[in-house]
Amino acid sequence: MSAFRTSGPARFGQYLALVAYLVFLAFPFLWLISTAFKPAVELGSPHPTWIPRAPTLDNFRQAFDEQPLLRAAGNSLLAALAAALVAVLVATPMAYVLARHRSRLTAAATGWVVVSQAFPFVLLIIPLFLVLKNLHLVNSLAGLTAVYVVWSLPFALWMLTGYVRAVPVELEEAAAVDGAGRLRVLVSVTAPLLGPGIVATALFAFITAWNEFFFALVLLKTPEKQTLPVVLTHFLGAEGVADLGPLAAAAFLATLPSLVVFAVIQRRITGGMLAGAVKS
Amino acid sequence: MRGARLLTAAAAALALLLTGCSTTGDRGTDGTDGVVRLRFQSLAWQPESVDANKELVREWNAAHPRIQVDYVQGSWDSVHDQLLTSFEGGEAPDLIHDASDDLADFAYGGYLADLRGLLPARLRADVPERSWRTTTFGDGIYGVPFLQEPRMIMANRSLLKDAGVRVPTAEHPWTWPEFRQVAKDLTAAMGEGRYAVAWPLKEPVSVSLNLGLSAGGRLFHRDPDGRAVLRFEEGDAVVPGTVRAMVDTDRTASRATLGSGGSDTLPGFFGGKYAMVPLGFSYRQQIVRQAPKGFDWTVLPAPAGAGGLTQGVSPQTLSIAEDSPHKKEAAQFLDFFLQPRNTVRLARGDWMLPTSTAALADPALHTAAYGWATGAAVARQLSPAPAPSVRGYPEWKDKVATPAFQEYYSGAIDAAELRKRLVVDGNRVLARYQRR
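Residues numbered from 1 in each chain as written. Chains lettered and ligands numbered in written order. Predicted model: local features only at pLDDT ≥ 70, side-chain atom pairs only at ≥ 80, totals over all residues. Heavy atoms only, no water.

Engineer: Before we go on, may I ask you to explain the overall build of chain B in this structure?
Structural biologist: Within chain B, the secondary structure is distributed over 18 helices and 16 strands. A compact globule built from 436 residues should have a C-alpha radius of gyration of about 22 Å, and chain B, at 24 Å, falls within 12% of that. Taken over the C-alpha atoms alone, chain B extends approximately 75 × 65 × 50 Å along its principal axes. Counting every position in chain B, which comprises 436 residues, the buried fraction comes to 58%. When the accessible surface of chain B is split by element, carbon and sulfur atoms take 50% of a total near 17,500 Å². With 48 positive and 49 negative side-chain charges, chain B shows a separation of 2 Å between the mean positions of the two kinds. (Helix = DSSP H or I, 4+ residues; strand = E, 2+ residues; numbered from the N terminus. Rg over C-alpha atoms; globule rule 2.2 N^0.38 Å. Buried < 20%, exposed > 50% of the residue type's maximum accessible area, 1.4 Å probe, protein only. Areas by Shrake-Rupley, 256 points an atom, 1.4 Å probe, with all protein chains shown as cover. Lys, Arg positive; Asp, Glu negative; His and termini not counted. Charge placed at Lys NZ, Arg CZ, Asp CG, Glu CD.)

Engineer: Just to check I follow, could you spell out the overall build of chain A for this structure?
Structural biologist: Counting secondary structure elements, chain A contains 12 helices and 0 strands. Listed N to C, the secondary structure of chain A is α-α-α-α-α-α-α-α-α-α-α-α in terms of helices and strands. With the C-alpha coordinates of chain A rotated into their principal frame, the extents come out at 75 × 65 × 30 Å. Expressed as a percentage of the 280 residues in chain A, the buried residues total 43%.

Engineer: Sorry, what's going on with the sheet that holds strand β12 (residues 297-300) of chain B here?
Structural biologist: Sheet strands line up and pair through hydrogen bonds in the backbone, either parallel or antiparallel. All names here are of chain B. The sheet built from 4 strands is open, its strands ordered β8-β11-β7-β12 with mixed pairing. Two strands bound the open sheet, and with one partner strand each, they are β8 (195-197) and β12. Each neighbouring strand pair of the sheet contributes to a mean axis angle of 25°, computed without reference to strand direction. Bridging between strand β7 (residues 151-156) and β12 involves 4 bridges; their strand directions are antiparallel. (Pairing = 2+ DSSP bridges. Axes fitted to C-alpha atoms, helices over the stretch in contact; angles between N-to-C directions.)

Engineer: Help me understand the interface of chain B and chain A, please; the structure alone is not making it clear to me.
Structural biologist: Interfaces are often described in size by the accessible area the parts lose on coming together. Contact residues are listed per partner, giving 44 residues for chain B and 44 residues for chain A. Interface area, chain B with chain A, both sides summed: about 3,900 Å², of which 65% is carbon and sulfur. Between the two partners, chain B and chain A, sit 2 salt bridges. With a closest N to O distance of 2.7 Å, B:R289 and A:D243 form a salt bridge. Seen at the junction of chain B and chain A, the total is 7 residue pairs in polar contact (both at pLDDT 80 or more). At the level of secondary structure, the elements contributing two or more residues to the side of chain B that touches chain A comprise α1 (2-21), β2 (67-73), α3 (79-88), α11 (266-270) and α12 (284-290) of chain B. A per-element tally of the side of chain B that touches chain A places α1(B) first, with 9 residues. Grouping the amino acids of the side of chain B that touches chain A by side-chain chemistry returns 18 nonpolar, 18 polar and 8 charged. (Contact = heavy atoms within 4.5 Å. Buried area = accessible area lost by both parts, 1.4 Å probe. Salt bridge = Lys/Arg side-chain N within 4 Å of Asp/Glu carboxyl O. Polar contact = N/O pair within 3.5 Å; in protein donor to acceptor, adjacent residues only side chain to side chain. Nonpolar A, V, L, I, M, F, W, Y, C, P; charged D, E, K, R; others polar.)

Engineer: Hey, could you run me through the pattern of salt bridges in this one?
Structural biologist: Once the charged atoms of two side chains with opposite charge are near each other, the side chains can pair. One pass over the structure, following the stated rule, counts 22 salt bridges over all chains. One salt-bridge network, held together by shared partners, links B:E55, B:E59 and B:R345.

Engineer: I would appreciate a short explanation of a nonpolar patch on the surface in the present structure.
Structural biologist: Residues and elements named next belong to chain A. Residues W112, V115, F119, F121, V122, L123, L124 and W151 make up a contiguous nonpolar surface patch of roughly 780 Å² in combined accessible area. Where the nonpolar patch is concerned, the elements lending two or more residues are α5 (104-116) and α6 (121-134). By residue number, the principal contributor to the nonpolar patch is α6, which donates 4 residues. Within the secondary structure, F119 is located in the loop between α5 and α6. In this structure F119 comes out as partly exposed when scored by relative accessible area, which is 42%. (Patch = residues over 30% accessible without salt bridge, like charges linked within 9 Å, V, L, I, M, F, W, Y side chains within 5 Å.)

Engineer: What's the story with the sheet that holds β2(B) in this structure? I'm lost.
Structural biologist: Residues and elements named next belong to chain B. Spatially, β2-β1-β3-β14-β6-β15 is the arrangement adopted by the 6 strands of the open sheet, whose pairing is mixed. Two strands lie at the open edges of the sheet, namely β2 and β15 (353-354), each paired on one side alone. In this sheet, β2 lies alongside strand β1 (residues 36-42) in parallel orientation, the contact comprising 7 bridges. Bridge pairing in β2 links R37 to Q68. The strands that helix α14 (residues 340-350) touches are β6 (144-148), β14 (316-320) and β15; relative to β6, the one it contacts most, it runs at about 45°.

Engineer: In this structure, what is going on with unusual backbone geometry? I would like to understand it.
Structural biologist: Outside of glycine, negative phi angles account for most residues, and trans bonds account for most peptide bonds. Residues and elements named next belong to chain A. A positive phi angle, near 55°, is found at H136, a position not held by glycine. Here H136 is to be found in the loop between α6 and α7 (141-166). In this structure, N139 takes a positive phi of about 60° despite not being glycine. For N139, a relative accessible area of 4% gives the class buried.

Engineer: For this particular structure, what's the right way to read the packing of aromatic side chains?
Structural biologist: Geometrically, a pair of aromatic rings is defined through the distance of the ring centres and the angle of the planes. Residue and element names in this part refer to chain A. Across all of its chains, the model carries 38 aromatic pairs over all chains by this definition. Here F27 and W50 contribute two aromatic rings whose centre-to-centre distance is 5.3 Å and whose plane-to-plane angle is 85°, an arrangement assigned as edge-to-face. Remark: W50 occurs in the loop between α2 (40-43) and α3 (58-66) and F27 occurs in helix α1 (residues 8-36); sequence separation between them is 23 residues. Residue W50 is classed as partly exposed on the basis of its relative accessible area of 44%. (Phe/Tyr/Trp six-rings, centres within 6.5 Å; stacked < 30°, edge-to-face > 60°.)

Engineer: Sorry if this is basic, but what is going on with the pairing of strand β11 (residues 274-280) of chain B here?
Structural biologist: Working note: regular strand, side chains alternate between the two faces of the sheet. Residue and element names in this part refer to chain B. In terms of residue burial, β11 counts as a mostly covered element, since 7 of its 7 residues are buried. For β7 and β11, the ladder comprises 5 bridges, and the chain directions are antiparallel. If you follow R151 over to β11, its bridge partner there is G280. Direction of pairing for β8 relative to β11: parallel, over a ladder of 2 bridges.

Engineer: Please explain the environment of B:D223 as it appears in this structure.
Structural biologist: Residue and element names in this part refer to chain B. Tracing the chain through its elements places D223 in the loop between β9 (220-222) and β10 (228-230). The class of D223 is partly exposed, set by a relative accessible area of 30%. Among all residues touching D223, those that are not within four sequence positions of it are V229 and R231.

Engineer: What should I look at first to understand the pairing of β6(B) in this one?
Structural biologist: All names here are of chain B. Counted residue by residue, β6 has 5 buried out of 5 residues, so it is predominantly covered. Bridge count for β6 against β14 is 3 bridges, and the pairing is antiparallel. If you follow L147 over to β14, its bridge partner there is Q316.

Engineer: Any chance you could explain a negative patch on the surface here in plain terms?
Structural biologist: On the surface, A:E239, B:D101, B:E203 and B:D398 cluster together into a patch of negative charge. The topology assignment puts B:D398 in helix α17 (residues 393-410).

Engineer: How do you make sense of the packing of helix α8 (residues 169-177) of chain A against helix α9 (residues 182-211) of chain A when you look at a structure like this?
Structural biologist: In helix packing, the relevant descriptors are the interaxial angle and the interaxial distance, both defined with respect to the helix axes. Residues and elements named next belong to chain A. Packing of α8 against α9 leaves a shortest axis separation of 10 Å and a crossing angle of 155°. What the angle tells us is that α8 and α9 run roughly antiparallel. In this structure, α8 crosses over α9, and the sense of that crossing is right-handed. Between α8, through L171, E172, A175 and A176, and α9, the contact on the second element is made entirely by V185, V189, T190 and L193. (Parallel < 35°, antiparallel > 145°, perpendicular 65-115°, else oblique. Left-handed = near helix turned anticlockwise from the far one by under 90°.)

Engineer: What exactly am I supposed to notice about the nonpolar core here?
Structural biologist: Note on soluble globular proteins: their nonpolar side chains tend to be buried together. Residues and elements named next belong to chain B. With 52 residues, the main nonpolar core has L186, W199, F220, M276 and W396 as its most contacted residues. The element contributing the most residues to this core is α17, with 8 residues. Apart from residues no more than four positions distant in its own chain, L186 is found in contact with L159, L160, A163, V165, A196, A275 and M276. Core analysis: the second largest hydrophobic core is formed by 51 residues, W76, A99, W297 and L360 among them. (Core = buried A, V, L, I, M, F, W, Y, C linked by side-chain atoms within 4.5 Å.)

Engineer: Hey, could you run me through the packing of α17(B) against helix α18 (residues 415-433) of chain B in this one?
Structural biologist: Residue and element names in this part refer to chain B. Running from amino to carboxyl end, α17 crosses α18 at an angle of 175°, the nearest separation of the two axes being 9 Å. If you check the angle between α17 and α18, you find them roughly antiparallel. Listed contacts from α18 to E395, W396, V400, A401, A404, F405, E407 and Y408 of α17 are A415, L418, R421, L422, D425, G426, V429, R432 and Y433.

In structure tokens form, the structure reads like this:
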């Protein structure tokens, strides 16, 4: 423990660095909030301020008037929740196999998982589009969800494999000695211990899908199906011109679900990450 | 057992979610009720413009129960990739809104319908030949150019007045040397830390090439055998040379804005730090919305040279997908959508100028307010941007021209090096696209 003890000035320096880092991380978000509440005249002010001089909700009103934000948010939520759920359900047993049964096959599978991350998705999108079209899944949230699952699966698998390895195999052996069958061991012993890891992985899959833009842009054709990131681009014109106020207001609202989910389950995530980081 | 119940519940929830997600079926373009359904993907984004588009679709649908148009909101961001995927997958919208500089690849790829024989004579005659050239590739016409946007100079009228400089009009524009002199006079009158001009050159290629036409530059030429070739002539050097001199020698243009987008320069413009900003005509909407109360501004034509007031433009276009089974009906809709009175509504909604001769004559586009009249006068002299119809232009622009112009404007390379890169490296790129 003494190795981590620091002197007063050093500790002050550490806190200072931490605060600076947090400010750096928070800057874009705070600026986004500030912009969302500024009237148009303040957005063009040569002397920008952090706190809007005449805060207004006009940007929010305009954003909701001009674009179907609620419907788009609902679509995003549905796709992201389904993607997170399916990714976890598929990745958990696969991760268990990869972690517990080491062989050339599992090593090759792990290697493929890593390699598959290297493909840029612009290369994949046209064949993917054709496959989904043949399955009648273009312009469908189910099709989009399937893409999100496939897209997040490798990383989810990689994360969960680490968590499974952190669960002592002796616990499973002890349960087996006590007479529990394979399924019972998995459900009653391993799964509860994997809880934080599963939550962290689901959160990763959720946020990945929630923020994804390009697949949604390409795969969804009708306005009724469009997701929030796609609708946000409707505030942008050619050559990057933007309707800045409503865009900031809508983008601020779009970040809230991720923040809420993080806030609610952050303790479980922290626990999960630590569990995954320690090898028995 | 608790775990097993959880798993069962999760599976049930998944099934419910997927049921909720599942598609209700693709409407397609062939209605089973005999009604033709067309999908129209519009990139309109300014609220007034979206309203005008939707209103026109509603009017059409009310008057044509057998040909119904579904309005689909697209966005300029990533539209090329989105359309390419849709074309490849056979799922493209029937009616496509885009810009002429994005059409060449789609036209040569066989994704867009040749509109010759589909469009009514009225529409063909109403749009000037020079505008049709922006959407003509080979022998075919692959889009109707309908809105265009010249680059104008947004100017702080009070600062111009205080400096006592001549204010140009479309009839008597500044020449490029005069513009440089006016910038010197203005900067001297404005005082330390202020500049006559802010050049937002984040995307330097289109500005340099399109304004270059006014000085007689073209850069892209056609050999007698039809091949495109790059040549850097005297006229091509005027605009880049003027900008570089204003930044480096005269100190009348801000170096800080060279890497900025148009919107980024507006706060400095409003604050009196810059007297003039060359911007697209539609930026007037942002100025109207964001300018402080009482801000006195005006819209001036860009300087003229050997080529007069002309400058290159890449108009917004409407095309019909080659895969559409209802091209004739789609063309009927275009004819309605682009009636002069409707084009005026679209132009006002987007703060742009119509290509239609009849629409351009509408009194609503000739008011002094917000520079409409100046823009309308300039619109008569716009030309097709010389480059975008050339195959290989996008690669030349991204890999050769953008970095070369950026380095030149920042002072990292000289004019000889700029010329070498644009022409020698550029011709190598073009040659790959023109092999026979």
